[in-house]
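One letter stands for each residue in the lines below.
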Amino acid sequence: MPSLLGPFVRCRFSATLLVLWLGFAVFSCTGSEHATATLPAAFSDLLPHFLVEPEDEFIVKNKPVTLTCRSTPATQIYFKCNGEWVHQDDHLIERTVDPATALPIMQVKIDITRQQVEKIFGLDEYWCQCVAWSTTGTQKSQKAYIRIAYLRKNFEEEPQGKEVALDQEVLLRCHPPEGVPQAEVEWQRNEDVINPASDPNFFITTEHNLVIKKARLADTGNYTCVAKNIVARRKSTSATVLVYVDGGWSEWSKWSACGADCSMWRSRECTQPSPGTGGKDCQGLDLQSLNCTSEQCPQTVSGAEDVALYVGIVAVALCLTLLLIVVVLVYRRKKEDLDADVADSSILTTGFQPMGIKPSKPGVWAPRPRRPPPHSKNSHLLTIQPDLTTTTTSYQGTLRSRHDATGKFSMSNGPLLDPLPNGSHTLHNGKLNSDPAEFVSRLSTQSYFKTLPRDVANTSYGTFNFLGGRLTIPNTGISLLIPPEAIPRGKIYEIYLTVQRKEDLRLPLAGCQTVLSPVVSCGPPGVVLSRPVILSMDHCSDACLDNWAVRLKKQNYEGTWEDVLLMGEELVSEPYYCQLEAETCRLFSEQLGTLALVGESLHMGAAKRLRLVLFSDAYCSTLEYNIRVYCMDDTQDVFKEVMQMERQLGGRLIDEPHVLLFKDSYHNLRLSIHDMPQAHWRSKLLAGYQEIPFYHIWNGSQRYLHCTFTLERLSLSTCELTCQLCVWQVEGEGQSFSLDFNIAKAVLHGCLSYQDTRAVDSEFLLMDSNATALAGPSAFQIPYLIRQKICSSLDAPCPNGADWRMLAQRLKLERHMSFFASKASPTSMILDLWEAQHFHSGNINQLATVMADIGKQEAMIFLVSDGEC
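A brief report on the enclosed structure follows. (Residues numbered from 1 in each chain as written. Predicted model: local features only at pLDDT ≥ 70, side-chain atom pairs only at ≥ 80, totals over all residues. Heavy atoms only, no water.)

### Remarks on the sheet that holds strand β3 (residues 49-52)
Part 1 of the argument: Pairing is antiparallel in the open sheet, where four strands are placed in the order β3-β5-β9-β8. The open sheet has two free edges, formed respectively by β3 and β8 (92-97), since each of these has just one partner strand. Recorded for the sheet is a direction-independent mean angle of 25° between the axes of neighbouring strands.
Part 2 of the argument: In terms of strand pairing, β8 meets strand β9 (residues 104-112) through six bridges, oriented antiparallel. Within β9, the position partnered with isoleucine 93 by the bridge is valine 108. (Pairing = 2+ DSSP bridges. Helix = DSSP H or I, 4+ residues; strand = E, 2+ residues; numbered from the N terminus. Axes fitted to C-alpha atoms, helices over the stretch in contact; angles between N-to-C directions.)

The following block contains the structure:
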């Protein structure tokens, strides 16, 4: 008998007689120790057997579980867990007698907590077993296993939307999240639970997949896989199933009677069935004619009436011919006027010098010199000698016929803007000088644009034609490149670009989703584009697609958001294509609208980049001193907003911004301040740290999330402050700020220098002095004609590979080969992306070097032919 039985032997017999039944007595010890039941002689040779054995249990959150064991006849009963006896004080023992057999019954209960199970987590499963004794021997119960219940957030496989024909079988796959106990799965259609018992057209496999045996029109809808266990309930992303009907032709009608033209007709209709929900129209003819035989053809009138008929036909033909000639002449006259304007503009004679911008002093951007340095290596490869007979430096001509004489732009006819109506509105090769406030006010009067923000500082617009251009919102990292030929020739569009405030326009998020980019609107939506434009905007993901499912969302005309692209699974046939760089997203788009990137973490390794920024009061005349720590998405537009807000508050930046990777681990963000000189300063924070909840950061809805540390100096004469400020994610990485500055002089030692009267300024906020809108060649690094010659040189495939494919490899864009190859001019797509990436920092000499490496030497770079390849 184990040593644990000692207490029963040592039990004090100051006992109270409880039961006297059939010649045996049961005693109960007073005090904390338990008693041993004495069996009568009649039952002394019986082994104990279990009436109730402990069952497997699951711990939900932090709620302990209770194990129960009951045995008869038994003198002692105890639990053993993972090979060790449970302490006697943790047992709750009850004794009764079976009225039918008069046998004594002992029942014991113990509680198991989450902490006990977690102690051996990962080493072995936690189990408990009940052991019962009688005078004859012992018996052991079955083992009960105690597990911590959970249900992961992410489905291992989610259903995918499909378009299927009527009566086709549909298979929707679902692999639920990992969980203990294993999750049960049910399917929903449009939020209603699917019951295969009541609708035998549905079948759920043992692998939890949903089968629609024969697709019906009523089966069109949004299907969701739902996983649930005792801990939680998870829903997958909804998959849209669209059941379409291809049209069928009806039977041919009977032939008509023979007409005056000696022909007869018959028809059929596409009504059996009619095409529906995106199905194909019927193929083939819906009308047939047949010449009649001479016997069936009615006699026609001859003589003078025939002559009159023929004369009438000839007269009509002559009138139509003259009208066609007039139309052609008018069209050619207008085209010559337009081409003359462009030819006289000097675009093709003075626009060949590369143009860009570079910083002229810290924090300020200035235009780059238009002529490259005289000794730049390989610069001669991408330049053409300008025509020295002309002195025109910019395009000042109108892009409309000179004889038009009506008023200004009108947006009343819909999203597609009308052409400029008279010759007074000109398009310059350079900055577009207009009043942004007037444009925003005019734009917001249109029905679709009433929801756009009237934020002039975050809106840019310009007027563009086939030569293209660029829109930029300063200090946000947001720009729109309109390549040459993106706007059809003969069209002129007024295009805008604006960044939306997230609090004004909330995206619907579900599960692990989070907003990774600003919400950007460009438009007007509905304009016809001949080729994609490129929208550039910052993102705050860790740029590892193995960690994320990144989707591009677009807001439709009804205001609802829809997925238009899944990153990494782009189809070249779709109107959107994306390159995700370390901090920037480059989006090729054939449609304008309101767009944003939304990421869904695939596991806990996914991380967002947070920018940590410290501000303090610019002036302090009291004993209290505040330090504000902002934890924001690492995108320039949010940083710009915070800088502007702190400037209004009179704050000042007190250290360089730091970047922190914030993981999807459900752990909060903690902030604390340490190492202050206790003789001069003290913190008024009652706790040891401040904490920002995980979801406040992860969903990204609060743009100005921050914590304030209120410090108190013990004397007004104290101006020097040194301390350590730490920011970290619980069980994750962190950042530390070492602060050492003078609160009176506003000088930050070892980090930044500020003048005495200087508050928040542009030390980290680049003040872009360039125009927000550039039209024509000034918007591009590569001159227009040189660009055309590069495209003609590299678009044609060469057996030795010296074509656009090698250009993509040299520029490290080979991942997008399929996308480039799907376009009419792959080279132009590559050059567009290069222009979008290198507007501020582009070096055209570098591109010239790449061209030389490809083998396009100076003498033949623009003259290579198919034969030379």
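### Examining the sheet that holds strand β15 (residues 170-172)
Think of a sheet as strands paired side by side through backbone hydrogen bonds, with each pair either parallel or antiparallel.
Part 1 of the argument: Across the sheet, three strands lie side by side as β15-β20-β19; this open sheet has antiparallel pairing. In this open sheet, the two edge strands, each paired with only one partner strand, are β15 and β19 (202-204). The sheet shows a mean angle of 20° between the axes of neighbouring strands, taken without regard to direction.
Part 2 of the argument: Pairing between β15 and strand β20 (residues 210-212): three bridges, direction antiparallel. Bridge assignment links valine 170 to a residue of β20, and that residue is isoleucine 212.

### Details of the packing of helix α8 (residues 784-794) against helix α11 (residues 826-837)
Part 1 of the argument: At their nearest, the axes of α8 and α11 sit 8 Å apart, and the two run at 135° to each other. Considering their axes alone, α8 and α11 lie oblique with respect to each other. Between α8 and α11 lies a crossing whose hand is right-handed. Of the residues in α11, those touching α8 at Arg787, Ile790, Cys791 and Leu794 are Thr827, Ser828, Leu831 and Asp832.
Part 2 of the argument: The class makeup of the residues in the contact of α8 with α11 is four nonpolar, two polar and two charged. (Parallel < 35°, antiparallel > 145°, perpendicular 65-115°, else oblique. Left-handed = near helix turned anticlockwise from the far one by under 90°. Contact = heavy atoms within 4.5 Å. Nonpolar A, V, L, I, M, F, W, Y, C, P; charged D, E, K, R; others polar.)

### Notes on the layout of surface pockets
Part 1 of the argument: There is about 1,500 Å³ of room inside the largest pocket.
Part 2 of the argument: Every residue lining the largest pocket is counted, 44 residues in all, and those nearest its centre are Glu158, Thr237, Ser238, Arg551 and Asp563.
Part 3 of the argument: Among the secondary structure elements, those contributing two or more residues to the lining of the largest pocket are β14 (162-165), β22 (233-235), β23 (239-244), β36 (548-555), β37 (561-566) and β40 (594-601).
Part 4 of the argument: Sorting elements by how many residues they give to the lining of the largest pocket places β37 first, with six residues.
Part 5 of the argument: In terms of residue class, the lining of the largest pocket is made up of 18 nonpolar, 11 polar and 15 charged.
Part 6 of the argument: The space that makes up the second largest pocket amounts to roughly 1,000 Å³.
Part 7 of the argument: Elements that contribute at least two residues to the lining of the second largest pocket include exactly α2 (114-118), β12 (144-148) and β13 (150-151).
Part 8 of the argument: A breakdown of the residues in the lining of the second largest pocket according to their chemical character gives 16 nonpolar, four polar and 11 charged. (1 Å grid on protein atoms, 1.4 Å probe; cavity = no way out; pocket = protein on both sides within 12 Å on 5 of 7 lines; lining within 4 Å. Points joined across faces, edges and corners; volume = space filled by probe spheres on them.)

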